[in-house]
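Analysis of the macromolecular model
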Amino acid sequence: TYLSPVMGGWIADHLIGQKRSVLAGAGVLLLSYFALIFITNDLALTAALAGIAVGTGLLKPNISSLLGNEYAYDAPNRESGFTIFYMGLTTGIILGTTLPSYLNSHFGWTASFISASIGMIIAIGTFSFGMYHYKIEDYHPFEYQFNKIASATLMMLSLWITSFFILYYPAIADSVFIAVVIFSFIYLIHSVRNEAAKQARKTMVIILLCIISVMFWAFYFQMFLSLTLFIARVVEPELLSIAFPPPYYVAVQSIGMIIIGFILAKRHAREKSTQQRAIHTGNKFVLSMVFMTLAYVLIAAVCKISFSIPLISPLYIIPAYLMISLAELLLSPVGLSAITTLASRKKVSTMMGIFFVSLGIGGYLSGKLAFLTAIPIGETSIVKLKLHYATAFTQLLYILAAATLVCFILNVLIKYLMTQPEENLEVL
């Protein structure tokens, strides 16, 4: 789902436009969730999950791109709009994880997937109403051509087949992953080499932002890997005598994003030039890495000072998760907003898809980093577990600090690209 947006973005940019891509993606998601209601075998399950990957790939980059097109190019409140949009995504994550879990525990899986299907019907109706009521426009007017419709359909089908085989034969997943990453890199380099100097330096800034994004998500996704296991093993399972399992920390992080996002969205923004906006984005990306580092400093410190107590209190971990909330808001919605101003109008959705690829790469690296925290098989001693985690999270902190230093250097390059006269950039 983090790799398919490249193809979904390309389909929108070159074939059917953003609006139709969003509706097609939502329709595929609806059919996939509806199919899950009746599925009774692994083959059909795999086919439905592949459909979810296709639907996500069509919807994810294009709905973000459409939002950017609703703002004037120099609109100062564009970033606030994306922050509000991101608050909506976060609310959806909270509802999408809690409501189906509740329904499943009381009524079974069928009820969970019925709720997802109903949610998609509401989403399609809401988007369709808004599209016509507010006269939302694609980046380029859609012209009906049978060959474009057919090409888009064939590409969606090929994406579905690819997703199916990745899920059915996981051994090929790494090869496909590497191929998508290489394609994205070649596409970016090709764009830089064939664009005018002014647009080329904007695309180069997108490349640098994607690199920072990769490093951010590599540590962010530890919330669902090493940090979840750490909390399950050595953190008290209750808070104020109320059950507080590991998933609740993700809920706290999401609620923190909504509250902090509301505050950030309310801030009055000044009008900025493209150069100022790009520099502003780079600064926020680096600041997000700083707050991520502070979160890991707190976690590593808590591990080291907790040997005198049986289990760590959740009150020590929650502040770290709130720092991660702020870090995410400084990077993800800001990055989405930046892509819509830095990318060429002919490639906005494709560039948005490539930005999502950076999340996929970050998730892949996150899995590799999580190996540093893996505990010896059969180890159950709380004292030894805390000692192990103290060492492991300190190692992660050192790697994160080095990554943050690299991000500072990349931000210097962003400022250089955005402040140099165009004649100097012709050499690049």
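First, a word on scope: everything that follows refers to the structure included in this document. (Residues numbered from 1 in each chain as written. Predicted model: local features only at pLDDT ≥ 70, side-chain atom pairs only at ≥ 80, totals over all residues. Heavy atoms only, no water.)

Regarding its fold elements, the protein chain presents 14 helices and two strands. Over its C-alpha atoms the protein chain spans a radius of gyration of 22 Å, differing by no more than 12% from the 22 Å that the globule rule assigns to 428 residues. Here the C-alpha coordinates of the protein chain stretch approximately 70 × 60 × 45 Å along the principal axes. When the 428 residues of the protein chain are sorted by exposure, 48% land in the buried category. Across the protein chain, the fraction of contacts at a sequence separation of at least 24, relative to all contacts at a separation of at least 6, is 83%. About 20500 Å² of surface is accessible on the protein chain, with carbon and sulfur atoms providing 70% of the total. Taking the 25 positively charged and 18 negatively charged side chains of the protein chain as two groups, their mean positions are separated by 4 Å. (Helix = DSSP H or I, 4+ residues; strand = E, 2+ residues; numbered from the N terminus. Rg over C-alpha atoms; globule rule 2.2 N^0.38 Å. Buried < 20%, exposed > 50% of the residue type's maximum accessible area, 1.4 Å probe, protein only. Contact = heavy atoms within 4.5 Å. Areas by Shrake-Rupley, 256 points an atom, 1.4 Å probe, with all protein chains shown as cover. Lys, Arg positive; Asp, Glu negative; His and termini not counted. Charge placed at Lys NZ, Arg CZ, Asp CG, Glu CD.)

Here we take up the side chain of threonine 56. Mapped onto the secondary structure, threonine 56 falls in helix α2 (residues 42-69). The buried category is assigned to threonine 56, whose relative accessible area is 16%. At 2.7 Å, the side chain of threonine 56 forms a polar contact with the backbone oxygen of isoleucine 52. Not counting chain neighbours up to four residues away, the residues in contact with threonine 56 comprise Thr1, Ser4, Leu29 and Pro61. (Polar contact = N/O pair within 3.5 Å; in protein donor to acceptor, adjacent residues only side chain to side chain.)

Turning to a nonpolar patch on the surface, a few remarks are in order. Together, Leu43, Leu154, Leu157, Ile161, Phe165, Tyr168, Tyr169 and Ile172 line one region of the surface with nonpolar side chains, adding up to about 740 Å² of accessible area. The greatest single-element share of the nonpolar patch, amounting to five residues, is contributed by helix α5 (residues 146-168). Tracing the backbone through its elements, the reader meets isoleucine 172 in the loop between α5 and α6 (173-194). (Patch = residues over 30% accessible without salt bridge, like charges linked within 9 Å, V, L, I, M, F, W, Y side chains within 5 Å. Salt bridge = Lys/Arg side-chain N within 4 Å of Asp/Glu carboxyl O.)

By the definition in use, this model includes three salt bridges. Here aspartate 138 ties to arginine 20 by a salt bridge, and the two come within 3.9 Å at their closest N and O atoms. With aspartate 138 in the loop between α4 (109-133) and α5 and arginine 20 in helix α1 (residues 5-38), this residue pair connects regions lying 118 residues apart in the sequence. The partner of lysine 284 in a salt bridge is glutamate 79, with the nearest N and O atoms 2.5 Å apart. Separated by 205 residues along the polypeptide, lysine 284 in helix α10 (residues 274-305) and glutamate 79 in helix α3 (residues 78-107) bring together distant segments of the chain.

When you line up the elements, proline 314 lands in helix α11 (residues 314-342). Spatially, the C-alpha atom of proline 314 lies 40 Å from that of valine 176, the residues being 138 residues apart in sequence. Each residue touching proline 314, except ones within four places of it in the same chain, is listed here: Val235, Glu236, Glu238, Leu239, Phe244 and Tyr249.

As a further point, take helix α8 (residues 226-234). Buried residues of α8: Ser226, Leu227, Phe230, Ile231 and Val234, and no others. Looking straight down α8, one finds that the buried residues subtend no more than 130 degrees of arc, so they occupy a single side. Contacts from the buried residues of α8 go to α9 (246-266), α10, α11 and α13 (382-419). (Arc of directions from axis to C-beta.)

Another aspect to go through is unusual backbone geometry. A positive phi angle, near 55 degrees, is found at lysine 135, a position not held by glycine. Looking at lysine 135, the relative accessible area reads 61%, which means it is exposed. Within the chain, leucine 240 stands out as a residue other than glycine whose phi angle is a positive 55 degrees. With respect to the element layout, leucine 240 can be found in the loop between β1 (238-239) and β2 (242-243). Taking the relative accessible area as the measure of exposure, leucine 240 reaches 74% and is therefore exposed.

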